[in-house]
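# Working through the structure, step by step
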Amino acid sequence: MNLPSRLLQLLMVVLMVGGASYLMMQSLPGDAAWRIAAGRYGYDALDAAAAASVRAELGLEVQGGLHFLYWLGDILRLELGTSLISGESVWVEIRHQLGNSLSLAGAALGISLLIGPPLGLLAGLRAGGWLDRSLLAVCSLLRATPQFLLALVLILLISVEMGLLPAAGHGEPQHFILPAMTLALGLAAVSARLARDAMAAVTQTAFHDFARWKGLSNAQTFWRHGLRHVALPLVTYLGLQFVTLVEGVVVIESIFGWPGIGHALVHAIFSRDVPMVQGTALVLGVGFVLINLLVDLLGRQLDPRGVK
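A brief report on the enclosed structure follows. Since we're looking at a predicted model, the values are computed, not measured.

## Observations regarding the overall build of the protein
- Scanning the protein from terminus to terminus reveals 13 helices and zero strands.
- For the protein, the sequential pattern of α-helices and β-strands runs α-α-α-α-α-α-α-α-α-α-α-α-α.
- At a minimum sequence separation of 6, the contacts of the protein that also span at least 24 residues come to 73%.
- Accessible surface for the protein amounts to roughly 16600 Å². Of this, 68% is attributable to carbon and sulfur atoms.

Written as structure tokens, this is what we have:
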């Protein structure tokens, strides 16, 4: 692991994510003062005086990259600035929202681990069998179904028709189930195929044949010799997919009324809350680098041959 290169990567993430977020927000059409005033006071109380007050207070008439330089100064002080809408610290708001998204992503990841890899391993042990063919069909269907459509189907079946779970909400354990299941099914479809392919490859190796020749069962051979070979691609995929879950659950959060970071990011963009957008994008980008680092460390533990 090259620590200086990782630190340089983090610095590049800060500059590129922050700069790109600022430029994209500045390129949006319309008057930012009106959007911010609407986010603060509501559309019913919005008028020219409120917009002018916001413009003067925030210095929105200042052109150029001064606001971006101010933001970089906040970063050097290990701060993320202040939300233009709520007036609260961006870090305080992100910490609360990120916690909600992490809990939902963790629940989805846990459910997918209970479904996908076990089925994939069983299918890989008997590649070409009825379970393997059935799993391929189900996984292909799940991967081809958009998440928002899967969410609506689960709401109609489980909440509306059967009345077993709430269709939306946050704060109770039962509120986790439907959004986590929606995210987990697509994730389980891919992890099942990865586990199946890895297991099928292991069964074709010489060490697997030798272990079976010694009289070990399939289960003993897997636990003693095949687990690391199967775990390595799964750890790599699931580690990166966890970041995707946190960053990409905005649709699911919106459908199920889940107050996560993706949902908050969309509202910040609509309200032209530039510090909130920049801070959220920065936290997600740095999180991606850190998850990559963790995946690399786990991969080196599973396969020490990759260590140089």
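There's more to say after this.
## Considerations on the environment of I111
- Following the sequence through the fold, I111 ends up in helix α5 (residues 90-125).
- Once residues within four sequence positions are removed from consideration, I111 is found in contact with A180, M181 and A184.

## Points about empty space enclosed by the protein
- Under the counting rule described, the total for this entry stands at one cavity of 30 Å³ or more.
- In this structure, the largest cavity occupies an estimated 40 Å³ of space.
- Lining the largest cavity, in full, are P166, A167, A168, G169, Q174, H175, L178, P179 and F256.
- Sorting elements by how many residues they give to the lining of the largest cavity places helix α8 (residues 174-203) first, with four residues.
- By residue class, the composition of the lining of the largest cavity is six nonpolar, three polar and no charged.

## Comments concerning the pattern of salt bridges
- Considering all chains together, one arrives at three salt bridges under this definition.
- Of the charged contacts, one joins R193 and D132 as a salt bridge, the two residues approaching to 3.4 Å between their closest N and O atoms. On the criterion of sequence distance, the pair formed by R193 in helix α8 and D132 in helix α6 (residues 130-144) is long-range, its members being 61 residues apart. Each member of the pair, R193 together with D132, is buried.

## Examining the nonpolar core
- By size, the foremost hydrophobic cluster in this structure holds 23 residues, and its most contacted members are A108, L183, L187, L245 and F256.
- With seven residues, α8 is the single largest residue contributor to this core.
- Contacts of A108, omitting those with residues within four sequence positions, involve A180, L183, A184 and L245.
- Core analysis: the next-biggest nonpolar cluster, separate from the first, contains 18 residues, V14, V90, V277 and L284 among them.

## Digging into the side chain of N100
- Within the secondary structure, N100 sits in helix α5.
- N100 gets classed as buried once you look at its relative accessible area, which sits at 9%.
- N100 has contacts with H170, W258, P259 and G260, leaving out every residue within four places of it along the chain.

## Remarks on the packing of α5 against α8
- One way to put it is that α5 packs onto α8 with a least axis distance of 5 Å and a crossing angle of 30 degrees. Regarding α5 and α8, the two cross each other, and that crossing is right-handed.
- Class assignment of the residues belonging to the contact of α5 with α8 gives a composition of 22 nonpolar, seven polar and one charged.

## Quick word on a nonpolar patch on the surface
- A cluster of nonpolar side chains, F148, L149, L152, V153, L157 and V251, forms an exposed patch at the surface whose accessible area comes to about 500 Å².
- For V251, a relative accessible area of 41% corresponds to the partly exposed category.

## Details of the packing of aromatic side chains
- What the rule picks out here adds up to one aromatic pair.
- Aromatic pair F176 and W258: ring centres 4.8 Å apart, planes at 70 degrees, arrangement edge-to-face. With F176 in helix α8 and W258 in the loop between α11 (250-256) and α12 (261-270), this pair connects stretches of sequence that are 82 residues apart.
- Using a relative accessible area of 27% as the deciding quantity, one classes F176 as partly exposed.
- By relative accessible area, W258 is classed as buried at 0%.

Rules and cut-offs
- Residues numbered from 1 in each chain as written.
- Predicted model: local features only at pLDDT ≥ 70, side-chain atom pairs only at ≥ 80, totals over all residues.
- Heavy atoms only, no water.
- Helix = DSSP H or I, 4+ residues; strand = E, 2+ residues; numbered from the N terminus.
- Contact = heavy atoms within 4.5 Å.
- Areas by Shrake-Rupley, 256 points an atom, 1.4 Å probe, with all protein chains shown as cover.
- 1 Å grid on protein atoms, 1.4 Å probe; cavity = no way out; pocket = protein on both sides within 12 Å on 5 of 7 lines; lining within 4 Å.
- Points joined across faces, edges and corners; volume = space filled by probe spheres on them.
- Nonpolar A, V, L, I, M, F, W, Y, C, P; charged D, E, K, R; others polar.
- Salt bridge = Lys/Arg side-chain N within 4 Å of Asp/Glu carboxyl O.
- Buried < 20%, exposed > 50% of the residue type's maximum accessible area, 1.4 Å probe, protein only.
- Core = buried A, V, L, I, M, F, W, Y, C linked by side-chain atoms within 4.5 Å.
- Axes fitted to C-alpha atoms, helices over the stretch in contact; angles between N-to-C directions.
- Left-handed = near helix turned anticlockwise from the far one by under 90°.
- Patch = residues over 30% accessible without salt bridge, like charges linked within 9 Å, V, L, I, M, F, W, Y side chains within 5 Å.
- Phe/Tyr/Trp six-rings, centres within 6.5 Å; stacked < 30°, edge-to-face > 60°.

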